[in-house]
Amino acid sequence: MSKYKVCIIYPSDPLGHKIGGTETFLKGFIKNTPEDFDIEFVGLTTDIKARPVRKWIDLKVGNKRISLFPVFFEKEEDVRKAIPLSLKFTLALKFIKLDLSERVLFFNRIEPAIVFKGIGCPKIGIIHNDILKITEPGGSEVKWARFP
């Protein structure tokens, strides 16, 4: 049986306590993938001892085994800071230069996709919002609303 490698790239810890629509969606996606899918998750860690930074770790999410590569440690994923988590995550990805070729890259944020623009593998992007509404002038608090 051939295996398909799918790499989810999202600034979250799949075993963390952050609650939200995207996190629920990703856990459901992992849970419901066919057996011939190898799932990798490039994200972050909220437990640096159990899931150390910048090392591939095998772990279980629900009943599925996945490989996690935490880019950095973030104690509280839900707390907004001066530098947005998505920006820190995207910059960290740019500087660590992960080789994710020969995979399907699965994005749930636009920012990290920019780092992997030049890689010739298939990419899937999921937008969990009304993209037209959030890009209207004055219609959103999204920082990239005016990005062409």
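Because the structure is a prediction, the values reported are computed rather than measured. (Residues numbered from 1 in each chain as written. Predicted model: local features only at pLDDT ≥ 70, side-chain atom pairs only at ≥ 80, totals over all residues. Heavy atoms only, no water.)

Let us now look at the overall build of the chain. When you go through the chain residue by residue, the secondary structure sums to four helices and six strands. Reading the chain from its N terminus to its C terminus gives the helix and strand order β-α-β-β-β-α-β-α-β-α. Residues counted as buried form 38% of the 148 residues belonging to the chain. Accessible surface computed for the chain: about 9,300 Å², of which carbon and sulfur atoms make up 57%. (Helix = DSSP H or I, 4+ residues; strand = E, 2+ residues; numbered from the N terminus. Buried < 20%, exposed > 50% of the residue type's maximum accessible area, 1.4 Å probe, protein only. Areas by Shrake-Rupley, 256 points an atom, 1.4 Å probe, with all protein chains shown as cover.)

Enumeration according to the criterion identifies one cavity of 30 Å³ or more in this entry. Ranked by residue count, the leading element in the lining of the largest cavity is helix α1 (residues 21–32), at three residues. For the lining of the largest cavity, the class distribution of residues is four nonpolar, one polar and three charged. (1 Å grid on protein atoms, 1.4 Å probe; cavity = no way out; pocket = protein on both sides within 12 Å on 5 of 7 lines; lining within 4 Å. Points joined across faces, edges and corners; volume = space filled by probe spheres on them. Nonpolar A, V, L, I, M, F, W, Y, C, P; charged D, E, K, R; others polar.)

This part is about the sheet that holds strand β3 (residues 57–61). In spatial order, the strands read β3-β4-β2-β1-β5-β6; together these six strands make up an open sheet with mixed pairing. Both edges of this open sheet fall to β3 and β6 (123–125), since each of them pairs with a single strand only. Taken over all neighbouring pairs, the strand axes of this sheet differ in orientation by 30° on average, direction set aside. Where strand β1 (residues 4–9) lies against strand β2 (residues 37–45), six bridges are found, and the strand directions are parallel. By the bridge assignment, Lys-5 is partnered in β2 with Asp-38. Taken strand by strand, helix α2 (residues 85–96) contacts β1, β2 and β4 (64–73), and its axis lies near 95° from that of β4. (Pairing = 2+ DSSP bridges. Axes fitted to C-alpha atoms, helices over the stretch in contact; angles between N-to-C directions. Contact = heavy atoms within 4.5 Å.)

All told, the structure shown has five aromatic pairs when counted by the stated rule. Ring geometry for Phe-29 and Phe-106: centres 4.5 Å apart, planes at 20°, overall stacked. Taken as a pair, Phe-29 in helix α1 and Phe-106 in strand β5 (residues 104–107) lie far apart in primary sequence, 77 residues in all. Exposure remark for Phe-29: the relative accessible area of 22% places this residue in the partly exposed category. Of the residues examined, Phe-106 reaches a relative accessible area of 4% and is grouped as buried. Ring centres 5.2 Å apart and planes at 50° place the aromatic pair Trp-56 and Phe-69 in the tilted group. Here the residue Trp-56 occupies a position in the loop between β2 and β3, and Phe-69 occupies one in strand β4, the gap between them amounting to 13 residues. (Phe/Tyr/Trp six-rings, centres within 6.5 Å; stacked < 30°, edge-to-face > 60°.)

Looking now at the nonpolar core. If you look at the biggest cluster of nonpolar residues, it comprises 18 residues, and the most contacted ones within it are Ile-9, Val-42, Val-71, Leu-93, Leu-100 and Leu-105. Elements that contribute at least two residues to this core include exactly β1, β2, β4, α2 and β5. It is α2 that contributes the most residues to this core, five residues altogether. Dropping the residues within four chain positions of it, Val-42 is found in contact with Cys-7, Ile-8, Ile-9, Tyr-10, Trp-56, Phe-69, Val-71, Phe-89, Leu-93, Leu-98 and Leu-100. Ranked by size, the runner-up nonpolar core spans 13 residues in total, among them Tyr-10, Leu-26, Leu-59 and Phe-106. (Core = buried A, V, L, I, M, F, W, Y, C linked by side-chain atoms within 4.5 Å.)

Attention now goes to the environment of Ile-39. Position of Ile-39 relative to the elements: it lies in strand β2. In this structure, the C-alpha to C-alpha distance between Ile-39 and Arg-65, residues 26 residues apart in sequence, is 7.6 Å. Setting aside residues no more than four positions away along its own chain, Ile-39 makes contact with Val-6, Ile-8, Phe-29, Ile-30, Thr-33, Ile-66 and Ser-67.

Moving on, we come to the confidence of the model for the chain. Chain-level statistics for the chain give a pLDDT mean of 88 and a share of 89% at 70 or above. Between the elements of the chain, mean pLDDT differs from a low of 70, seen in helix α4 (residues 131–134), to a high of 97, seen in β2. (pLDDT = per-residue confidence, 0-100.)

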